[in-house]
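This is what each chain is made of:
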Amino acid sequence: NAGVMQNPRHLVRRRGQEARLRCSPMKGHSHVYWYRQLPEEGLKFMVYLQKENIIDESGMPKERFSAEFPKEGPSILRIQQVVRGDSAAYFCASSPGEGQPQHFGDGTRLSIL
Amino acid sequence: GEDVEQSLFLSVREGDSSVINCTYTDSSSTYLYWYKQEPGAGLQLLTYIFSNMDMKQDQRLTVLLNKKDKHLSLRIADTQTGDSAIYFCAESPLTSNTGKLIFGQGTTLQVKP
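Asker: Please clarify how the interface of chain B and chain A should be interpreted in this entry.
Answerer: Often, the extent of an interface is quoted as the loss of accessible area on bringing the components together. Taken together, the 19 residues of chain B in the interface contact 23 residues of chain A. Regarding the contact of chain B and chain A, the summed buried area is about 1600 Å², with carbon and sulfur atoms giving 54% of it. At the boundary of chain B and chain A, one finds 0 salt bridges. Sorting the residues of the side of chain B that touches chain A by element identifies strand S4 (31-37) and strand S5 (43-50) of chain B as the ones contributing at least two each. No other element matches the 4 residues that S4 of chain B contributes to the side of chain B that touches chain A. Broken down by class, the residue content of the side of chain B that touches chain A amounts to 10 nonpolar, 8 polar and 1 charged.

Asker: Looking at this structure, how should I read the state of the cysteines?
Answerer: By definition, a disulfide links the sulfur atoms of two cysteines through a covalent bond. Residue and element names in this part refer to chain A. Using the criterion set out here, one finds 2 disulfides over all chains in the structure. Residue pairing for Cys-23: its cysteine sulfur links by disulfide to Cys-92, the two sulfurs lying 1.8 Å apart. Negative torsions about the S-S bond denote left-handed disulfides, and the value of about -55 degrees found for Cys-23 with Cys-92 makes this one left-handed. Within this pair, whereas Cys-23 is found in strand S3 (residues 19-24), its partner Cys-92 is found in strand S9 (residues 88-95), the two being separated by 69 residues in sequence.

Asker: Where do I start with the side chain of Thr-79 of chain B in this structure?
Answerer: Residues and elements named next belong to chain B. Tracing the backbone shows Thr-79 in the loop between strand S8 (71-76) and strand S9 (85-92). Owing to a relative accessible area of 0%, Thr-79 belongs among the buried residues under this scheme. Here the side chain of Thr-79 touches Ile-76 through a polar contact of 3.3 Å, landing on its backbone oxygen. If we ignore the near neighbours within four places in the chain, the residues touching Thr-79 are Val-12, Glu-14, Gly-15, Asp-16, Ser-17, Ser-18, Arg-60, Leu-109 and Val-111.

Asker: Could you clarify how one ought to interpret the pattern of salt bridges in this entry?
Answerer: A side chain with one charge may pair with a side chain of the opposite charge, provided their charged atoms come close. Tallying each qualifying case throughout the model produces 7 salt bridges over all chains. Close ionic contact of Glu-38 of chain B with Lys-36 of chain B constitutes a salt bridge, the shortest N to O distance being 3.7 Å. Within the structure, one salt-bridge network assembled from shared partners comprises Glu-18, Arg-20 and Arg-78 of chain A.

Scoring rules and cut-offs
Residues numbered from 1 in each chain as written. Chains lettered and ligands numbered in written order. Predicted model: local features only at pLDDT ≥ 70, side-chain atom pairs only at ≥ 80, totals over all residues. Heavy atoms only, no water. Contact = heavy atoms within 4.5 Å. Buried area = accessible area lost by both parts, 1.4 Å probe. Salt bridge = Lys/Arg side-chain N within 4 Å of Asp/Glu carboxyl O. Helix = DSSP H or I, 4+ residues; strand = E, 2+ residues; numbered from the N terminus. Nonpolar A, V, L, I, M, F, W, Y, C, P; charged D, E, K, R; others polar. Disulfide = S-S within 2.5 Å. Buried < 20%, exposed > 50% of the residue type's maximum accessible area, 1.4 Å probe, protein only. Polar contact = N/O pair within 3.5 Å; in protein donor to acceptor, adjacent residues only side chain to side chain.

Structure follows, in structure tokens:
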């Protein structure tokens, strides 16, 4: 399967723990976007990365959230000290170039107890 | 400003045509997209249209773009029960410089047998 791969599909954390969400882009894609979908809402942009660089993090909360896309390996979205309001579906998308159509993974559903 | 609006719900009978409408605000958008989301799944790129076009047809799907009114529509011919899903309209504003997508809230399409 050459699509965007996200894992885990479901993640349960207790308040105060850390959540790590992984995304492997489609083969040949070097641009990664992360979006968050709250229940009954559309997707909201969080961050845009290219290999080893954060290009646009204007949608990312200033505290507790970070993202990386290392030279080797998947992109990681990290949420520290999770709170109930972080419960959502987190989607990763990749594209072959900036402004090109984005293809999405199946998402990670994060639940905070 | 960046805002995308969609009606929330549409119900049609199997075999009828469905028309899902969307309005957007950023006239600089280069591409406009339609994504389909089935329950518990990610977003599937259905089709997209470049802003210098006013129509695009792809099998049962027809996209119409009215740039003057900033109105986008997706017509599904011969709607099937398998078309039941949430449909998201998204724009990619040139002003963002990064290709991030701005999504509408999604239109739930219900297809009755």
